[in-house]
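What the coordinates show
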Amino acid sequence: MNRFSRREFLKASGAAATTSLLPGCAMEPSAPSKPIGRVVVIGGGFGGATAAKYIRLWGGGAIDVLLVERNAEFVSCPTSNLVLGGSRSMADITRGYDRLRGHGVRVVRDEVAAIDAQNRRVRLRRGGDLPYDRLVVSPGIDFMHENIQGYGTEAQKTILHSWKAGPETVALRKQLEDMRDGGVYVLSVPPAPYRCPPGPYERACQVAFYLKNAKPKSKVLILDANPDVTSKGPLFKKAWAELYPGIIEYRGNAEVKSVNAGAKTVSTDFDTIRGDVLNVVPPHRAGDIAKSAGLITANNRWCGVDWLSMESVAVKNVHVLGDATLSAPAMPKSGHMANNHGKLAPRR
């Protein structure tokens, strides 16, 4: 695998940058007057937004950087558990992309339908292509609902994962508010690796905090597919014992294998459990665009990369960031790591 210096990354051929966009692309029209190259970034999360910013900064403003993001605003997933606990609102964890625009990043409100790596073009869902010299893909994760029996489209309407911050965060909070005092909130944790290792246990604490104050007869049941708490185990167990005794129950080696939305039950290899609110987080894989572009290389789930450049080991001139990557040892799938990936790619 060829490794690229920062100079080589930033001073790619200007051929694509001088090619006009096709009509119909919803984006800011201005671009560097004499761009030395174009980088398209897919995904405006922690990894993609960071990469877009630093490519502009370290390129001295001469790189034409386009960020393609389907959402108008960024919603912070790591802090969304605070909304479930009632201490923050969605507005508190939502930010726009104006600061990126201030750095000269052109934000395209659209979704990528396909990547043509051979011809270095990205096709947009609303129509039109974006040519590029280098492509950065930060697609986040998507879910393997098919691994859990009964977790089809209909069941997903009432059994939520809320592992992408947004409408499902609001919907899960509403389910908790509507739950009877004395009800049971069931949270299933998928097998590692998954996005944000401490996230499920933080969520259990936040929901327990809400229930302790608003519905004190209620319980939180954690069904963990892993043998034990995967992150900060002693800390969480201490908090559960001291702050939420009799509220939080933890069961390891309890992977949810099937759900029944009508009966409000989940089943493991050992038990069938009924809950008033079922919060089932399915196993993860790299986001859909990574799958369709042939970037997934490991276990049909994750994207292998050269860790010195973040370049895909499968597709040349495409750099993959964040949760979609096949994690290196001791590297969690987290916003912090995605942010660092975003700073690493343009330096090589």
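Residues numbered from 1 in each chain as written. Predicted model: local features only at pLDDT ≥ 70, side-chain atom pairs only at ≥ 80, totals over all residues. Heavy atoms only, no water.

**Some points on the environment of Val 281**
- Locating Val 281 in the fold gives a position in the loop between strand E17 (277–280) and strand E18 (284–286).
- Classification of Val 281 as buried rests on a relative accessible area of 4%.
- Once residues within four sequence positions are removed from consideration, Val 281 is found in contact with His 161, Trp 163, Leu 187, Ser 188 and Pro 190. (Helix = DSSP H or I, 4+ residues; strand = E, 2+ residues; numbered from the N terminus. Buried < 20%, exposed > 50% of the residue type's maximum accessible area, 1.4 Å probe, protein only. Contact = heavy atoms within 4.5 Å.)

**Description of the confidence of the model for the chain**
- Within the chain, residue pLDDT values average 91, and 89% of them lie at 70 or more.
- Here residues 11–26 is modelled with pLDDT under 50, and outside its nearest four sequence neighbours on either side it reaches 38 contacts, counting other chains as well. (pLDDT = per-residue confidence, 0-100.)

**Details of unusual backbone geometry**
- The peptide bond linking Ala 192 to Pro 193 adopts the cis configuration, its omega dihedral lying at 5°.
- Structurally, the position occupied by Pro 193 is in the loop between strand E11 (184–189) and helix H6 (199–214).
- Within the chain, Ser 162 stands out as a residue other than glycine whose phi angle is a positive 50°.
- The class of Ser 162 is buried, set by a relative accessible area of 0%.
- Positive phi, normally seen in glycine, also occurs at Lys 232, with a value near 55°.
- Among the secondary structure elements, Lys 232 is positioned in the loop between strand E12 (219–224) and helix H7 (233–243).

**With respect to the nonpolar core**
- Core analysis: the largest hydrophobic core is formed by 42 residues, its most contacted members being Val 122 and Leu 135.
- The element that contributes the greatest number of residues to this core is strand E2 (residues 63–69), accounting for five residues.
- With near-sequence residues (within four places) excluded, Val 122 lies in contact with Val 40, Ile 42, Val 112, Ala 114, Gly 128, Asp 129, Leu 130, Tyr 132 and Leu 135.
- Residues Leu 187, Phe 236, Ile 247 and Ile 248 belong to the second largest nonpolar core, which totals 30 residues. (Core = buried A, V, L, I, M, F, W, Y, C linked by side-chain atoms within 4.5 Å.)

**A word on the side chain of Ser 80**
- Summarising the element assignment, Ser 80 is placed in helix H3 (residues 80–85).
- Within the local environment of Ser 80, its side chain forms a polar contact with the backbone oxygen of Cys 77, the two atoms lying 2.8 Å apart.
- Once you skip the residues sitting within four places of it in the chain, Ser 80 turns out to touch Ile 93, Ala 165, Thr 169 and Arg 203. (Polar contact = N/O pair within 3.5 Å; in protein donor to acceptor, adjacent residues only side chain to side chain.)

**Quick look at the packing of aromatic side chains**
- The full count for this structure, using the stated rule, is six aromatic pairs.
- Between Phe 46 and Phe 74 the ring centres are 5.2 Å apart and the planes differ by 85°, which places this aromatic pair in the edge-to-face class. Of the two residues, Phe 46 sits in helix H2 (residues 46–58) while Phe 74 sits in strand E3 (residues 74–75), which places them 28 residues apart along the sequence.
- Between Tyr 54 and Trp 58, the aromatic rings sit 4.9 Å apart at their centres with planes inclined by 50°, giving tilted as the arrangement. Taken together, the residues Tyr 54 and Trp 58, both in helix H2 and four residues apart, mark about one turn of the helix.
- A relative accessible area of 23% means that Trp 58 is categorised as partly exposed.
- One aromatic cluster in this structure is built from Tyr 201, Phe 236, Trp 240 and Tyr 250.
- Its guanidinium or amino end placed over the ring of Tyr 210, Arg 173 lies 4.2 Å from that ring's centre, counting from NZ or CZ.
- Between the NZ or CZ atom of Lys 333 and the centre of the ring of Trp 302, over which it lies, the distance is 3.7 Å. (Phe/Tyr/Trp six-rings, centres within 6.5 Å; stacked < 30°, edge-to-face > 60°. Lys NZ or Arg CZ within 6 Å of the ring centre and 35° of its normal.)

**What about the sheet that holds strand E6 (residues 112–116)?**
- The three strands are arranged E6-E7-E8 in an open sheet whose pairing can be described as antiparallel. Edge positions in the open sheet fall to E6 and strand E8 (129–131), since each of these has one partner strand only. If you compare each strand with its neighbour and ignore which way they point, the axes differ by 20° on average.
- Judged from the four bridges that link them, E6 and strand E7 (residues 121–124) form a sheet pairing that is antiparallel. Looking at E7, one finds that Asp 116 is bridged to Arg 121. (Pairing = 2+ DSSP bridges. Axes fitted to C-alpha atoms, helices over the stretch in contact; angles between N-to-C directions.)

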